[in-house]
Amino acid sequence: EQTNTLVLTLPYIQGSDEETALLKMMQACKLSTENYKIVQILPEMQVAWHKIKQAINPENIILLGVLPQQLGITVLLRLFNPNRFDGCIWIPGLSLTDMEKQPEAKKELWLNGLKPTFVDAVNG
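So, here's what we can say about the structure. Residue indices follow the written sequence of each chain, beginning from 1 at its first position. For a predicted model such as this one, the threshold for reporting local features is a pLDDT of at least 70, and the threshold for listing and counting side-chain atom pairs is 80 or more; totals across whole chains, interfaces and linings nevertheless cover every residue. Side-chain measures were taken over the full set of non-hydrogen atoms in the model, leaving aside hydrogen atoms and water.

For two strands to count as paired, DSSP must find a minimum of two bridges between them. Runs of H or I in DSSP of at least four residues are treated as helices and runs of E of at least two as strands, each being numbered from the N terminus. Within the open sheet, the 5 strands sit side by side as 2-1-3-5-4. Their pairing is mixed. Of all strands in the sheet, those bounded by a partner on one side alone are strand 2 (36-40) and strand 4 (83-85). Neighbour-to-neighbour, the strand axes of the sheet open up by a mean angle of 25 degrees, direction not taken into account. With 5 bridges connecting them, strand 3 (residues 60-64) and strand 5 (residues 88-93) associate as parallel partners. Where helices are involved, their axes are fitted lines through C-alpha atoms of the stretch in contact, as for all axes, and angles between N-to-C directions lie from 0 to 180°.

What follows deals with the pairing of strand 3. In regular strands, side chains alternate between the two faces of the sheet. Burial status follows relative accessibility: with a 1.4 Å probe on protein chains alone, a residue under 20% of its type maximum counts as buried, one over 50% as exposed, and anything between as partly exposed. Of all 5 residues that make up strand 3, 5 are buried, and the element is covered over most of its length. Side chains of strand 3 alternate between two faces, with Asn-60, Ile-62 and Leu-64 and Ile-61 and Leu-63 buried alike. As paired strands, strand 1 (residues 5-9) and strand 3 are joined by 5 bridges and run parallel to one another. Paired with Val-7 across the two strands is Ile-62, which belongs to strand 3.

Turning our attention to helix 2 (residues 49-56). Along helix 2, the positions that sit buried rather than exposed are Trp-49, Ile-52 and Ile-56. Projected down its long axis, helix 2 shows its buried positions confined to an angular sector of 60 degrees, all on one face. Helix 2 presents His-50, Lys-51, Gln-54 and Ala-55 as exposed residues on the side facing more than 90 degrees away from its buried surface. Contacts are assigned to residue pairs with any non-hydrogen atoms lying within 4.5 Å of each other. Next to the buried residues of helix 2 lie strand 1, strand 2, strand 3 and strand 5. Downstream of helix 2 by a residue or two, Asn-57 has a phi angle that is positive, lying close to 50 degrees. Note that the arc is computed from the directions linking the helix axis to the C-beta atoms.

Here we take up the environment of Pro-11. Here Pro-11 is to be found in the loop between strand 1 and helix 1 (17-28). Put simply, Pro-11 and Ala-55 are 44 residues apart on the chain and 21 Å apart in space, counted from C-alpha to C-alpha. Apart from residues lying up to four places away in sequence, Pro-11 is in contact with Gln-40, Ile-41, Leu-42 and Pro-43.

Glancing now at the nonpolar core. Nonpolar cores were defined as sets of buried Ala, Val, Leu, Ile, Met, Phe, Trp, Tyr and Cys residues, with membership established by side-chain atoms within 4.5 Å. If you look at the biggest cluster of nonpolar residues, it comprises 19 residues, and the most contacted ones within it are Leu-22, Met-25, Met-26, Leu-64, Leu-109 and Leu-114. Only helix 1, strand 3, strand 5, helix 3 (96-101) and helix 4 (103-123) provide two or more residues apiece to this core. Per element, the largest residue contribution to this core is 4 residues, and it comes from helix 4. Non-local contacts of Leu-64, meaning those with residues more than four positions away in its chain, are made with Val-7, Leu-8, Thr-9, Leu-10, Leu-22, Gly-93, Leu-94, Ser-95, Leu-96, Met-99 and Leu-109. Membership of the second largest hydrophobic core comes to 14 residues, among which are Trp-49, Leu-63, Ile-73 and Trp-90.

Structure representation (structure tokens):
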């Protein structure tokens with residue numbers, strides 16, 4: 001089944017530990033490359049959520065260091081947990097850089113957010 005997952009992340013360098021961690025995360029979620037799209041957003045950038053939704057229409061959004069406010073939406077999302085908003089599941093996490101420094105945060109994102117949404121849901 002085609003899962004439509006959008007990863008909004010702070011910029012990272014190609015070939016960096018952050019990129020490797022992100023790709024491993026996608027593999028752990030059992031997502032193949034055609035199932036997700038990665039968009040890098042600078043911390044000071046504003047991107048209109050409605051435009052993203054029109055263009056990509058994702059079912060799942062993973063925020064890595066990107067704040068909902070940057071997308072022009074005011075919503076309180078529980079960190080590391082799946083949140084329902086605007087017909088999508090939002091999973092906010094820390095930036096890739098911060099998660100590399102904080103293995104606990106990475107583990108929490110996996111156990112509370114990613115695994116239940118991508119792995120457990122698929123396995124029923």
